[in-house]
Amino acid sequence: MRPIIEMDHVTFGYGTTSVLQDVSLHLHFGQFAALVGPSGAGKTTFLKMVTGLLTPTHGTVAINGHKFGDPLPPRIGYVPQIETVDWNFPVTAGQVVLMGVTNTSGLFPWVSRADRQRADELLDQLGIGGLANRHIRDLSGGQQQRVFLARALISNPDLLVLDEPTAGVDMRTAESVLHTLAHLNQDGLSILMTTHDLNAAAAHIPWVICLNRRVIAQGTPEDVYTEDILNETYQGDFMVIHQNDMLFVQQRPHHHTLRDILPNPTPGETVP
Ligand code: ADP
């Protein structure tokens, strides 16, 4: 099968702090994969390796056979976490989409009529056709998410990479974003996204990669949602529940005794 992501023996650290340790991962064309793991596991750093924003200390990354720095660089559409975007920037939804146009160098350093048409088509396709002239700040979280999705898609990427597309939006919006991604995937687009929502990933995403500084496991949700793998990934205590062909995972709550909560008793006092 044709590989879309080939990451081999990647090691990376910020200064002396090691974050990714000998990470190897191959995804093939048309795969839709979720990258999961606890905060600080290195998920964002992993995405930065895949998008070429950071360079590994050791190891190699190739996207659709292209390495960063090659004459033909990888074509990647990146959707940032909408919570990290500066909304004071005065732009309309349509202008945000056109920022994704990459063929503006050389003879025609401006967006063409065809680009504008493609931007309108994408907004229509994503169900927000009427919003092109609205200020991006005035849209709902789900609508903003779709505008950034359109920006990532306008350059016809080989791979779509999304950082937490279901964070900061309500459950219904998260579902609808995942449905949209599933449709894009059915049309042939390869997708890699991070998420904290293990249950939504189980319902919508066919391949899951468990990361905690290294790849702990990867496979279908059925394969990797086991107590052993989740406990190792999250250093937690997980329950896995199968019900009516559906898979749910839940972290067992810690049971605190009064002794854990109350301050140290004064001498002579008894604590239940
Ligand atoms: P995740 O996305 O899984 O929460 P990150 O990739 O953001 O994990 O971070 C992994 C580790 O690297 C964390 O310990 C974080 O504090 C550290 N880190 C992330 N970015 C930087 C940075 N720019 N400089 C120094 N340390 C960083």
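Here's what I pulled together on the structure shown here. For clarity, every value in this text was computed on a predicted model and none was experimentally measured.

### Examining helix 8 (residues 227–234)
- Taken as a whole, helix 8 has its buried residues at Ile229, Leu230, Thr233 and Tyr234. Looking down the long axis of helix 8, one finds its buried residues gathered within 110° of arc, a one-sided arrangement.
- With its phi angle positive at about 50°, Gln235 sits one or two positions after the end of helix 8.

### Quick look at the pairing of strand 6 (residues 76–79)
- Of the two faces of strand 6, only one is covered, namely that formed by Gly77 and Val79; the face formed by Ile76 and Tyr78 stays uncovered.
- Sheet topology places strand 6 next to strand 7 (residues 159–162); four bridges connect them, and they run parallel. Counted as the bridge partner of Tyr78 is Val161 from strand 7.

### Quick look at the side chain of Lys43
- Locating Lys43 in the fold gives a position in helix 1 (residues 43–50).
- For the buried residue Lys43, which engages in no salt bridge, the nearest side chain bearing the opposite charge is Glu164, 5.3 Å off.
- A polar atom in the side chain of Lys43 sits 2.9 Å from the backbone oxygen of Gly37.
- A distance of 3.0 Å separates a polar side-chain atom of Lys43 from the backbone oxygen of Pro38.
- In this structure, Lys43 is in contact with Leu35, Val36, Gly37, Pro38, Thr194, His196 and Leu211, ignoring residues within four places of it in sequence.

### Description of unusual backbone geometry
- Phi at Asp22 is positive, roughly 50°, even though this residue is not glycine.
- Residue placement: Asp22 occurs in strand 2 (residues 17–28).
- Residue Asn244 is not a glycine yet carries a positive backbone phi of 45°.
- Tracing the backbone shows Asn244 in the loop between strand 11 (238–243) and strand 12 (246–251).

### Considering the nonpolar core
- Leu149, Leu160, Leu181 and Tyr225 are the most contacted members of the largest nonpolar core, which has 58 residues in total.
- Ignoring any residue separated from it by four or fewer positions in sequence, one finds Leu160 in contact with Gly77, Val79, Leu149, Ala152, Leu153, Leu181, Leu184, Leu189, Ser190, Ile191 and Leu192.
- The next biggest cluster of nonpolar side chains, apart from the first, holds 23 residues, and it includes Phe12, Leu159, Ile209 and Leu211.

### Some words on a nonpolar patch on the surface
- On the surface, a nonpolar cluster with roughly 240 Å² of combined accessible area is contributed by Ile241, Met246 and Phe248.
- For Ile241, the position within the fold is in strand 11.
- Under the relative-accessibility criterion, Ile241 is labelled partly exposed at 35%.

### Description of the environment of Ala33
- Following the sequence through the fold, Ala33 ends up in strand 3 (residues 32–36).
- Judged by relative accessible area, which is 0%, Ala33 ranks as buried.
- Separated by 172 residues in sequence, Ala33 and Ile205 place their C-alpha atoms 6.3 Å apart.
- Among residues more than four places away in sequence, those in contact with Ala33 are Leu27, Ile191, Leu192, Met193, Ile205, Trp207 and Ile209.

### Comments concerning the site of the ligand
- With respect to spatial proximity, the complete set of residues near the ligand consists of Tyr14, Val19, Pro38, Ser39, Gly40, Ala41, Gly42, Lys43, Thr44, Thr45 and Arg213.
- With respect to the ligand, the backbone of Gly40 contributes an N or O atom lying 2.7 Å from an oxygen atom.
- For the ligand, an oxygen atom lies 2.5 Å from a polar atom in the side chain of Thr45.
- The fraction of the free accessible surface of the ligand (560 Å²) that becomes covered by protein chains is 56%.
- Among the elements that line the shell around the ligand, the one with the most residues is helix 1, at three residues.
- Residue composition of the shell around the ligand, grouped by class: four nonpolar, five polar and two charged.

Conventions adopted
Residues numbered from 1 in each chain as written. Predicted model: local features only at pLDDT ≥ 70, side-chain atom pairs only at ≥ 80, totals over all residues. Heavy atoms only, no water. Buried < 20%, exposed > 50% of the residue type's maximum accessible area, 1.4 Å probe, protein only. Helix = DSSP H or I, 4+ residues; strand = E, 2+ residues; numbered from the N terminus. Arc of directions from axis to C-beta. Pairing = 2+ DSSP bridges. Lys, Arg positive; Asp, Glu negative; His and termini not counted. Salt bridge = Lys/Arg side-chain N within 4 Å of Asp/Glu carboxyl O. Polar contact = N/O pair within 3.5 Å; in protein donor to acceptor, adjacent residues only side chain to side chain. Contact = heavy atoms within 4.5 Å. Core = buried A, V, L, I, M, F, W, Y, C linked by side-chain atoms within 4.5 Å. Patch = residues over 30% accessible without salt bridge, like charges linked within 9 Å, V, L, I, M, F, W, Y side chains within 5 Å. Areas by Shrake-Rupley, 256 points an atom, 1.4 Å probe, with all protein chains shown as cover. Near = heavy atom within 4 Å. Nonpolar A, V, L, I, M, F, W, Y, C, P; charged D, E, K, R; others polar.

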